[in-house]
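Reading the structure
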Amino acid sequence: MNCTLPIPVLKSRAKALAKRDRIPLSRALDQMARTQGFSAWSLLAAQEAQSRQNQLLSCLAPGDLVLLGARPGKGKTLMGLQLIADAVADGGRGVFFSLEYTQADVVARLRQLDVDPQALGAVFGLDVSDDISADYVVAQVAGMPSGSLVVIDYLQLLDQRRDHPDLAHQVTALRNCAQRQGLIIVLISQISRNYDPSVRPIPELSDVRLPNPLDLNLFSKTCFFGDGGVRITPVAA
């Protein structure tokens, strides 16, 4: 089942409906979802997120260093976890590093995706250590087979501690690790508050929030998504 109208159009119509009929926006969104064959907006949104994830996973290759960016609330972390869950389901291995969430938070988000963390088994790793940095990640993933998926949540938090190397050094180390071992490393990224979705429905490289200088050409691919859909692009060397 696929939407016949873009998500932004459906949201706009739902807002107009809520205002006209003086009903909660959530109810109006559910009504819009039913026009597309879904019983609730949450189910429509879940399918759209799955579609984005499938599109990204099919574009990834061993040795890739990927920048995954979107505004808050768009499902970046959920997409990263779904990528790993699907990689594991396909017989691969994956590990999720987070400087943002606790283990309980990550488990709760996996359950949002109808993924049982225990069912993933030993081929799934979760690390929420305060010591996470590029060097830490490289040490932890040593020996993982080619094609394994590594997701780091998220880029900007790697730059918080003064006792860690600068962000450019860390991203270079992660790129070298991905290429050396044939891993797929995905870095989740924040988007600048100056980004205006009414001007560009999907963010671009220039919209990445960078507290310190970083050559974004270190990445091999970018995946940005928003109300305008998803865009996956190779980064020019």
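Nothing here was measured: the structure is a model prediction, and the numbers come from that model. (Residues numbered from 1 in each chain as written. Predicted model: local features only at pLDDT ≥ 70, side-chain atom pairs only at ≥ 80, totals over all residues. Heavy atoms only, no water.)

**Some points on helix H4 (residues 76–89)**
Residues that lie three or four places apart on an α-helix share one face, since the helix turns once every 3.6 residues. Selection criterion: By definition, any uninterrupted DSSP run of H or I lasting at least four residues is a helix, any uninterrupted run of E lasting at least two residues is a strand, and each is numbered from the N terminus. Here a helix's expected span is defined as the number of its residues, less one, multiplied by 1.5 Å. Three labels apply to residues, based on accessible area from a 1.4 Å probe with only protein chains included: buried if under 20% of the type maximum, exposed if over 50%, partly exposed otherwise in between.
If you check H4, its first and last C-alpha atoms are 20 Å apart, about what 14 residues at 1.5 Å a residue would give, namely 20 Å. Most of H4 is tucked away, with 12 of its 14 residues classed as buried. By the burial criterion, the buried members of H4 are Lys76, Thr77, Met79, Gly80, Leu81, Gln82, Leu83, Ile84, Ala85, Asp86, Ala87 and Val88. Residue Gly91 follows H4 closely and has a positive phi angle near 95 degrees.

**Points about the side chain of Lys76**
To keep it simple, the criterion reads: None of His or the chain ends enter the tally, which takes Lys and Arg as positive and Asp and Glu as negative. Whenever Lys or Arg places a side-chain nitrogen within 4 Å of a carboxyl oxygen from Asp or Glu, that contact is recorded as a salt bridge. In protein, a polar contact requires one atom able to donate a hydrogen and another able to accept it; more generally it is a pair of N or O atoms within 3.5 Å, and residues adjacent in sequence count only if both atoms are side-chain atoms. The criterion used for residue contact is that any of the two residues' heavy atoms lie within 4.5 Å.
Relative to the helices and strands, Lys76 resides in helix H4. Although Lys76 lies buried, it forms no salt bridge, and the closest oppositely charged side chain, Asp153, sits 7.0 Å away as judged by the N-O distance. A distance of 3.1 Å separates the side chain of Lys76 from the backbone oxygen of Ala70, its partner in a polar contact. Those residues in contact with Lys76 that sit more than four places away from it in its chain are Leu68, Gly69, Ala70, Arg71, Ile188, Ser189 and Phe225.

**Looking at unusual backbone geometry**
Omega for the bond connecting Asp153 with Tyr154 falls within 30 degrees of zero, at 5 degrees, which places this linkage in the cis form. Topologically, Tyr154 is positioned in the loop between strand E4 (149–153) and helix H8 (167–181). A positive phi angle, near 55 degrees, is found at Arg22, a position not held by glycine.

**Comments concerning the environment of Leu210**
Tracing the chain through its elements places Leu210 in the loop between strand E5 (184–189) and strand E6 (221–226). On the basis of relative accessible area, Leu210 is assigned to the partly exposed category, the value being 32%. Between the C-alpha atoms of Leu210 and Gln156, which are 54 residues apart in sequence, the distance is 7.1 Å.

**What about the packing of helix H7 (residues 134–141) against H8?**
Let me state the cut-off plainly: Where helices are involved, their axes are fitted lines through C-alpha atoms of the stretch in contact, as for all axes, and angles between N-to-C directions lie from 0 to 180°. Throughout this description, any angle smaller than 35 degrees is read as roughly parallel, any larger than 145 degrees as roughly antiparallel, any in the 65 to 115 degree range as roughly perpendicular, and the remainder as oblique. Each helix crossing is assigned a hand: it is left-handed if the near helix lies turned anticlockwise from the far helix by less than a right angle, otherwise right-handed if that turn is clockwise. The nonpolar class holds Ala, Val, Leu, Ile, Met, Phe, Trp, Tyr, Cys and Pro. Asp, Glu, Lys and Arg form the charged class, and all remaining residues, Gly among them, are polar.
Following both chains from N to C, one finds H7 and H8 inclined at 20 degrees, their axes separated by 8 Å at the closest point. The angle between the axes of H7 and H8 places the two elements in the roughly parallel class. For the pair H7 and H8, the crossing hand works out as left-handed. Where H7 abuts H8, its residues Ala134, Asp135, Val137, Val138 and Val141 lie against Gln170, Ala173, Leu174, Cys177, Arg180 and Gln181. Broken down by class, the residue content of the contact of H7 with H8 amounts to seven nonpolar, two polar and two charged.

**Focus on the pairing of E6**
The following threshold applies: Strands were regarded as paired on the criterion that DSSP finds at least two bridges between them.
Most of E6 sits inside the fold, with six of its six residues counted as buried. Neither face of E6 is left uncovered, since the one carrying Lys221, Cys223 and Phe225 and the one carrying Thr222, Phe224 and Gly226 both have all their residues buried. Two elements, strand E1 (residues 65–69) and E6, share four bridges in a ladder whose sense is parallel. Residue pairing across strands places Leu67 opposite Thr222, the latter belonging to E6.

**A few points about the state of the cysteines**
Rules: Only a pair of cysteine sulfur atoms within 2.5 Å counts as a disulfide in this structure description.
Within the structure shown, the criterion is met by zero disulfides. Cys223 carries a free sulfur, and the closest cysteine sulfur to it, the one in Cys59, is 8.3 Å from it. For Cys223, a relative accessible area of 0% puts it in the buried group.

**Points about the confidence of the model for the protein chain**
Under the convention used in this document: Residue-level confidence of the predictor is what pLDDT reports, using numbers from 0 through 100.
With 92% of its residues at a pLDDT of 70 or more, the protein chain shows a mean pLDDT of 90. Confidence, read as mean pLDDT per element, is least for helix H3 (residues 41–57) in the protein chain (72) and greatest for H7 (98).

**Section: the packing of H4 against helix H5 (residues 103–112)**
Between H4 and H5, whose axes approach to 10 Å, the crossing angle comes to 75 degrees. Judged by the angle between their axes, H4 and H5 are roughly perpendicular. On H5, the residues touching Thr77, Leu78 and Leu81 of H4 are Val106, Arg109, Leu110 and Gln112. Per-class residue counts for the contact of H4 with H5 are four nonpolar, two polar and one charged.

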